[in-house]
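Residue-level structure breakdown
These are the residues of each chain, in order.
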Amino acid sequence: MSYSVAIHKPSSVRYSVCTDLLTPDVVSLVLARPACIDVYSIQASGLQLQFSLPVNGTITSIQSFKPSTSKVSWLFVLTEDSTCFTLAYKNGRLATEQVLNDLDDRFMPDTDTEHMAIMDPQHRGILLYINKSSLTYIPLISTKKKRSSKVISAAKDSANTISGTLYPPIKLHIEELIIVSIIFLEKVERPTIAILYRDGKHARHVKVYEIHTLDGRLEEIKGFGLRYVDQGASLLVPFATSAGGFFLLGEQLLTYFPSRDASSLSPIKIPFKGPINFCAAARIDDNGERFLLGDEFGLIYMLQVELFEDPNGQMAVNNWKITPIGETSIPTTLTYLDAGFFFVTSHFSPSSLFYLDPEEPHVQSVQVIPNLAPITDFQIIPRESATDVIACSGAFKSGSLRIVRSGVGVDILAEIGGISGITNLWTLDDDVIIASFVENTLVFQGNPEEGTFEELIGWNNVNPNEPTIEVASSGSKLVHISRSQVKLIDATSSTVLATYQGNLISNATTTSEFIILATAEKTLVQLSWDLEVLSNVVMSNEISCLTAVDDLCFAGLWNECTIALLTLPQLSQIGTTATLSGNILRSLRVANFAGIDNPLLYAGMADGTLHSFSIGPNTALDGELSDQKATVLGTQPISLYTLSNSLLAVCSHPVMIYGHTNKVTISSVNIESPTAVAVCKSSMANEDDATEILVFAMEDKISYGVIDQLMSTHVQTLKLEETARRLTVMSQEAGVYGLIALKTELDAYTGDETLNCSVKIVDSALFEVVDSYELEFDEMAESIASGFFDGMEYLIVGTGYVSGDREEYTKGRILVFEVTRDKRLSLLLTSERYGGVYAMQITNEHLVCAINSIVHLFELETNALSGSLELRESGMFRSATMAITLSAYDDYVLVGDLMKSAALLRITSATNDVTVKYEFEEISRHFEPMWMTDVEILDEDISLGSEAEGNMVVFQRENVAPAEMIERTHSVGRSEESKLQVVSSTRIGEVVNRIRRIPRSNDDVSATESIVIPQAYYATRDGGIYLYGKILPEHINTLINLQTNMSKIVKSAGNLKIMTFRAFANQRRKLQEPVRFVDGDYLELYLELSESEKEAVVTGQQGGIKLGYSVNQITSIIEDLKRLH
C-alpha cells in the first residue's frame, strides 16, 4: 500500500491575473500553481498572502471577469482534464458558481502545447484551445433570444448583460493545427481573434477570424493576416488604443496590423536591434500606448507607441521604440498591477514583484516568491534520523544547486537591533537581559515590541568590565559568576548577600543545591548556594566545559578530549570516558526527553561532531556511560542550550534534538547560527501559553522567536547562473558533489543559441564550486555517477554529440575522472561510444550504461602491464525503443524505456579457467506501453516508475508457483518471473523527473514505530519534492477509508473530486480512482476541518465507512504523519 506527501509543494507559477477579487475596486494578485490558487493582497510593503485554495486538478489557465450583478470580479479556471469552472469570493471564501465538464473532443488529438484560454476584452466570451483543429468558445452573454434549458444559471441575466453564466460551449473548427499564440482584438463589433500558427514546414503565419456565435463558425477576414512572418515570431499583443489592431513580436522585427477601420490594412514592419526572443508582454497604461516586454533571458523592455491622426481623422500608429530597462526573472507571464508595480510569473526562476521607476525607466526588485522548478535531478544525503535532498534546480541564469532540508521552523516575533558581538546571554524577569561579550558585560532592559533597549548601568553591582560566565537563580537568590568572582544577590531587594573570590574562573554550572566552578590550575570548586566552599578537586587537565545534574557532575578535559565523571556532593571522580573524536570539547549538557527512559549526556566538539551517552541508573556508582553515538552536525564548534523539552545544538547547521515516538530525533532549525540562546522570561512570554519563546543573539541584533514543533522544509542555495542537469554525491572522504552544468548564451550577431556543457565538482562543506572541466563543442553530458572500483573512487560522465537536426545521438563518450586530494578533476580515461550515454549506474563494481537503445555492462579495470585504466564490455541488453533511465539495486538493474515501460534485469556471472564473465539476464518486464521518465528499485520485488503524463506506478514482480515456473522456463527461456505487475498507481498531476530510493539504514522512522515507512523521494518539473512511503498492513484500511470519507465531506473548488484527480490517466487508459495509493496532502486537510466536519468524516456520514476511532485519535494519526516531512 502506497503513501505520497509533498515535503516541498510545487512552486512554479505559470499563470496570474490582477483583479478586484476580494474587495470592490481594490485589486488583488491571483497566482496559479499546478494544483493551487494563491490570492495575494497588494500592500505598501509588498504582497501579502491571503489564502491558498487547493484544486483537485492541474490548472492550465486562469482568467477574470466581472458580472454585471457582482461588485467584485470572478475567476474562470481551466484544468488539464478540460473542465472549467467559475469562482466568486463570498462569505470569506472562494465559492464555486458553475462548472462545465468534458470540454474536449475525444475524437480529436490534444494540442502539442498546454491548453490556452483567453478572455474577450469586452467579456462577451472565453476562447479555449484544447484540441487540434478546433477552438471552443464559451459565451458569457446569451447568444439566443431564449435561453437554453440546459444552461445552469449562476444569476439572472438579460440578453446583453454578463451575469456570470457560462453558456453552452460552441465548437469552432479551424484548419491550423499548431497554434503558437492567440489573442482577442480590442474594440471590435464581433468577437475577433488573431492567431499565430506554424505549418508542417515550420513556417509561421498570421490569420484573423471573426466568431459568429449564432451559427457557430469562424469567418476569416481576408487581407488582414500575413503569411511567412518572422521565423522567430512567438507573441501576439492586442493594441487597446483608439487606433486598434495588434502587434506581432518577432526576433528582429515588430509588425503592426492595423484595425479593420484603418485606411490601409497593410501590416507595418519595423526592425529593431535584435535578436530578442520575446516570451511575455503586459500593457502598462490604460490608453495602451506603453507595454512591458520580457525575453527568454530575463531581460525586460519597454515598448512605447507613438500615435498620430491621419487625414481621415482616424488615429494611427506613427512610430514606436523598444528600450531595455532592466533584468527580471525569466518570465512566463507579465502582469501589470498599479502605480508602477508589475509581477513576473516564472517557471524557471523565482516569481517576483518589481517596481518600474517613472523618472528614469528601470526596474527594481521588491519581493521574491521562491521557486525550485524545474528540478532536473537530485540526490539524498543521509543525516541522523532524517535526510537532506540536494537538487539541481532552476534553469538558465537561475540555475542553482539547492539543499532542501526538513526541519523545524523558527517564527521571529520581534527584533532588537544595534547589539553585536554577544557570546552568551541570560534572560530575567521584567525583560532584563544580561549579555556577555569577549571582554565585558552589558545589562539592559529590552523592549521587543518597539525594537529598542535601555542599558541598566550599575544593575546589582555587576561588573561591566569583564565577561559573565554564568547566571542562575534558586528561589529568591540570584547568582552572577564572572571571571574574578561569584556574587550572590537577593532578587527581591537587589542587595548583594555574599561574594566568593579565588582563582580566575573559566567555567561554571549549577544545580538546585550546588554551584560548581572550574578555575585555573585544573581545579574544580564546589560551593553551596550561600557561597560556602564545600569541596574541591584537582583534575588531570584543564577544564573546557561543565554540566551537572542530580548527583553527577561531568567535566570536559581540554587536552585529553575526555569527559570526567564526578559524584556529588563528594566531588569524587568515579570514571572517565574514552578519548572522543572531534579535537576539543566545547559544550556539555544533560537532557531528559519524552519517551526516553534514561537521561542523555551530550558533548559538542570543536569540529562539529556531537557525541551522546546514556546515563544509566548505576552510573553514579560505577562511573559507566553506555550507548555512545557520534553525529557530524557541521564543521564549526557546537554550543548546546537546554530548552524545556529539547536541546538546541548551535553550529554551522543548528539542530534541535528531542524525543519523538520513543526515539531521539534530530531536526534542522531554519535560523542562521546564533551566537547565544536563552529561554525568554520577558513580557512576551504568556504563562497560559505552552509555547516557549526563545531569545537569539545574532550577529548584529537580538531576535525573539518561537520554534515550531512540526517539521517543515528549508532551502540552502548555491547560485550557478547556468542549468544544473545531473548530480552525484561522492563519498564523505572525497567531500564533493559531481555536477553536470549547461550554459546557454545568445550570439549577438547571428541570434543563435550556443550551448556549453561542463563537469563541475562542488565542495560539500563549503558548498561552492572548486573545479570545472569543459566538454568539447556540441558535446552534451547526459549522465553522471560515482563509485568505487578496486578500492578507488571515480567520477564517471556519459556524453553525446549533437549532430544537426537529428534527435538521437550518433556518437558519445564515457569519461572517467579522479578527484584529487586537493579537490581537482583529473581525466583518467576516455572511451568513445556509438550513441549517447543517457543514463548510468554503478553497482557492485559494475558500470551499467544506457546508450541509445542498448544497455551495456562494463567492467572498469587496471591493466596489469601498463597500469592504465581500461573499460571492458561484458554484456548488453537491447531495450524496445530507447533506454533513457536506469536504477540499480545490488545485482538488479531496472531499465526505463522511452515508450515501452520497464524491464528488470539481473547481473549474472559465469566463470571459466581464466576470467569471470558477467552478463544481463532479463527476469521481468511490464508489457503495457508507457512513456517512462524515471524508474527506481526499492528492493528485489518492488519498484517505482513515473511516466510522461504525470502518473506514478508501483511495480511488483509476479509471484509464480514452482510448477508454473518450470513451465515458463521451458516456454520463455527464463528461469524466473516474466511479468512486472502494477500493484499501485496514482496521478501526481506533474511530470516526475527523478526518483531516489532512501537507503534502508537511513529510514526516518523504524517499521515498528510509524504508520508509514518512508522509502523514496521524487521530484517534479514544477518544483515539487514528494515523499513516497509504504503503509504498514494494520493501518491500510484506516487510511484508505479516511481518504474515502473525506472525499464525501470536503467540498473542493469546481466540485472536482479528489479520487478522479488522483486516478491514473493517460491517452490509452483512464481509471476511476487511485489504486492502493493514499494522498497524504489530502489527508492533512483533515486538520483544517471544523469539528462537525471531522465528526462527519470519522463516523462515515454521507455514505462513508465508520472508522472506529475518535476525532482526537484521527487528529493524532494525521499529526504523526505530518511529522514525516
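To keep things clear, this report deals only with the structure shown in the data block. The structure displayed is predicted, hence computed values, not measured ones. (Residues numbered from 1 in each chain as written. Predicted model: local features only at pLDDT ≥ 70, side-chain atom pairs only at ≥ 80, totals over all residues. Heavy atoms only, no water.)

**Describing the overall build of the protein chain**
The line we're drawing: Put simply, DSSP H or I for four residues or longer makes a helix, DSSP E for two residues or longer makes a strand, and each gets a number counted from the N terminus. Atoms counted for the radius of gyration: C-alpha only. Globule rule: 2.2 Å times the number of residues to the power 0.38. The classification of residues rests on relative accessible area computed with a 1.4 Å probe and restricted to protein chains. Under 20% of the type maximum is buried, over 50% is exposed, and intermediate values are partly exposed. It only takes one pair of heavy atoms within 4.5 Å for two residues to be counted as in contact. Method for areas: the Shrake-Rupley scheme with a 1.4 Å probe, in which residue coverage is limited to the protein chains shown. Two residue types count as positive, namely Lys and Arg, and two as negative, namely Asp and Glu; His and chain ends fall outside the count. Think of each charge as sitting on NZ of Lys, CZ of Arg, CG of Asp or CD of Glu.
Check the secondary structure of the protein chain and you find 7 helices and 83 strands. Taken over the C-alpha trace, the protein chain has a radius of gyration of 34 Å; the compact-globule value for 1125 residues is 32 Å, and the two agree within 12%. Considered along the principal axes of its C-alpha atoms, the protein chain spans approximately 105 × 85 × 65 Å. By the burial criterion, 57% of the 1125 residues in the protein chain qualify as buried. Across the protein chain, contacts joining residues at least 24 apart in sequence account for 51% of those joining residues at least 6 apart. For the protein chain, the exposed surface amounts to about 47,900 Å²; the carbon and sulfur share of it is 46%. Across the protein chain, 87 positive and 140 negative side-chain charges occur, with their mean positions spaced 10 Å apart.

**Some details on the nonpolar core**
Applicable threshold: We define the nonpolar core as a collection of buried residues of types Ala, Val, Leu, Ile, Met, Phe, Trp, Tyr and Cys that are connected through side-chain atoms lying within 4.5 Å of one another.
Grouped together as the largest cluster of nonpolar side chains are 43 residues, with contacts concentrated most on Tyr-3, Leu-1039, Leu-1042, Tyr-1086 and Leu-1121. Dropping the residues within four chain positions of it, Tyr-3 is found in contact with Val-1012, Leu-1027, Tyr-1028, Gly-1029, Ile-1031, Leu-1039, Phe-1077, Val-1078, Gly-1080, Leu-1083 and Leu-1121. Judged by nonpolar contacts, the second largest core, of 34 residues, contains Ala-435, Ala-676, Phe-696 and Ile-707.

**Remarks on the packing of aromatic side chains**
Aromatic ring pairs are reported here in terms of the distance separating the ring centres and the angle at which the planes meet. Threshold: Stacked, tilted and edge-to-face pairs are distinguished by plane angle, under 30 degrees for stacked and over 60 for edge-to-face with tilted covering the rest, among Phe, Tyr and Trp rings (Trp via its six-membered ring) whose centres lie within 6.5 Å. Remark: a charge is flagged as sitting over a ring if the NZ atom of Lys or the CZ atom of Arg is within 6 Å of the ring centre and within 35 degrees of the ring normal.
Tallied over the full model, the rule gives 23 aromatic pairs. For the ring pair Phe-246 and Phe-257, a centre distance of 4.6 Å and an interplane angle of 10° mean the geometry is stacked. Separated by 11 residues along the polypeptide, Phe-246 in strand β19 (residues 246-249) and Phe-257 in strand β20 (residues 253-257) bring together distant segments of the chain. The same class applies to Phe-246 and to Phe-257, which are both buried. Ring geometry for Phe-272 and Phe-278: centres 5.8 Å apart, planes at 65°, overall edge-to-face. For Phe-272, a relative accessible area of 15% puts it in the buried group. A connected cluster of aromatic rings, assembled from ring pairs, spans Phe-239, Phe-247, Tyr-256, Phe-291 and Trp-320. The aromatic ring of Tyr-801 is capped on one face by Lys-811, whose charged end is 4.5 Å from the ring centroid. Sitting over the ring of Phe-1064, Arg-1069 keeps its end group 4.7 Å from the ring centre.

**Some details on helix α7 (residues 1111-1122)**
How we decide: To estimate how far a helix should reach, multiply one less than its number of residues by 1.5 Å. The arc in question is the one traced by the directions running from the helix axis out to the C-beta atoms.
In this model α7 runs 16 Å from its N-terminal to its C-terminal C-alpha over 12 residues, within 8% of the 16 Å that 1.5 Å per residue would give. Among all positions of α7, only Val-1111, Ile-1114, Thr-1115, Ile-1117, Ile-1118 and Leu-1121 are buried. When α7 is viewed along its axis, its buried side chains cluster within an angular range of 160° and face the same direction. Structurally, α7 contributes buried residues whose contacts are with β1 (2-8), β81 (1012-1020), α3 (1036-1049), α5 (1080-1084) and α6 (1091-1099).

**Some remarks on the sheet that holds strand β34 (residues 432-436)**
Under the convention used in this document: Should DSSP find at least two bridges between two strands, the strands are taken to pair. Helix axes are fitted to C-alpha atoms over the stretch in contact, other axes to C-alpha atoms as well, and angles between N-to-C directions run from 0 to 180 degrees.
Reading across the sheet, the 4 strands line up as β33-β34-β35-β36 and stay open at both edges, with antiparallel pairing between neighbours. The sheet is open, and its two borders are formed by β33 (424-427) and β36 (452-455), each paired with just one other strand. Each adjacent strand pair in this sheet contributes to an overall mean axis angle of 30°, direction not counted.

**Quick notes on the environment of Thr-717**
In this fold, Thr-717 is placed in strand β59 (residues 701-719). On the basis of relative accessible area, Thr-717 is assigned to the partly exposed category, the value being 39%. Considered as a pair, Thr-717 and Val-404 are 313 residues apart in the sequence and their alpha carbons are 8.9 Å apart. Contacts of Thr-717, omitting those with residues within four sequence positions, involve Ser-400, Leu-401, Arg-402 and Phe-767.

**A few points about the side chain of Glu-859**
Quick reminder of the rule: Each reported salt bridge corresponds to a side-chain nitrogen of Lys or Arg within 4 Å of a carboxyl oxygen of Asp or Glu. Polar contact criterion, stated in full: a pair of N or O atoms within 3.5 Å, where within protein one must be able to donate a hydrogen and the other to accept it, and residues adjacent in sequence count only if both atoms are side-chain atoms.
Within the secondary structure, Glu-859 sits in strand β70 (residues 854-862). Salt bridges are absent for the buried Glu-859, whose nearest opposite-charge side chain, Arg-872, sits at 5.2 Å. Polar side-chain contacts of Glu-859 include one of 3.4 Å to the side chain of Ser-874.

**Considering α6**
Of all the positions in α6, only Lys-1094, Ala-1096, Val-1097 and Val-1098 are classed as buried. Buried residues along α6 sit in contact with α3 and α7. Phi turns positive, to about 75°, at Gly-1100, one or two residues after α6.

**Overview of the sheet that holds strand β47 (residues 562-567)**
Spatially, β45-β46-β47-β48 is the arrangement adopted by the 4 strands of the open sheet, whose pairing is antiparallel. Across the chains shown, the open sheet's two edge strands, defined by having one partner strand only, are β45 (543-549) and β48 (572-576). In this sheet, neighbouring strand axes are inclined to one another by 25° on average, regardless of whether the strands run parallel or antiparallel.

**Things to note about the packing of α6 against α7**
What counts, and what does not: Orientation labels follow simple angle bins: below 35 degrees gives roughly parallel, above 145 gives roughly antiparallel, 65 to 115 gives roughly perpendicular, and whatever is left gives oblique. Ten residues, namely Ala, Val, Leu, Ile, Met, Phe, Trp, Tyr, Cys and Pro, are considered nonpolar, four, namely Asp, Glu, Lys and Arg, are considered charged, and the remaining ones, Gly among them, are considered polar.
For the pair α6 and α7, interaxial distance at closest approach is 10 Å and the crossing angle is 90°. Taken together, the axes of α6 and α7 are roughly perpendicular relative to one another. Along its contact with α6, which presents Glu-1091, Lys-1094, Glu-1095 and Val-1098, the element α7 presents Val-1111, Ile-1114 and Thr-1115. Among the residues forming the contact of α6 with α7, the class breakdown is 3 nonpolar, 1 polar and 3 charged.

**A short note on the pattern of salt bridges**
Within this structure, the stated rule accounts for 37 salt bridges. Notably, a salt bridge pairs Glu-936 with Arg-997, separated by 3.7 Å at the nearest N-O pair. Placement of Glu-936 in strand β76 (residues 932-937) and of Arg-997 in strand β80 (residues 992-997) is noted, with a sequence separation of 61 residues between them. Residue class for Glu-936 comes out buried when judged on its relative accessible area of 7%. Judged by its relative accessible area of 25%, Arg-997 is partly exposed.

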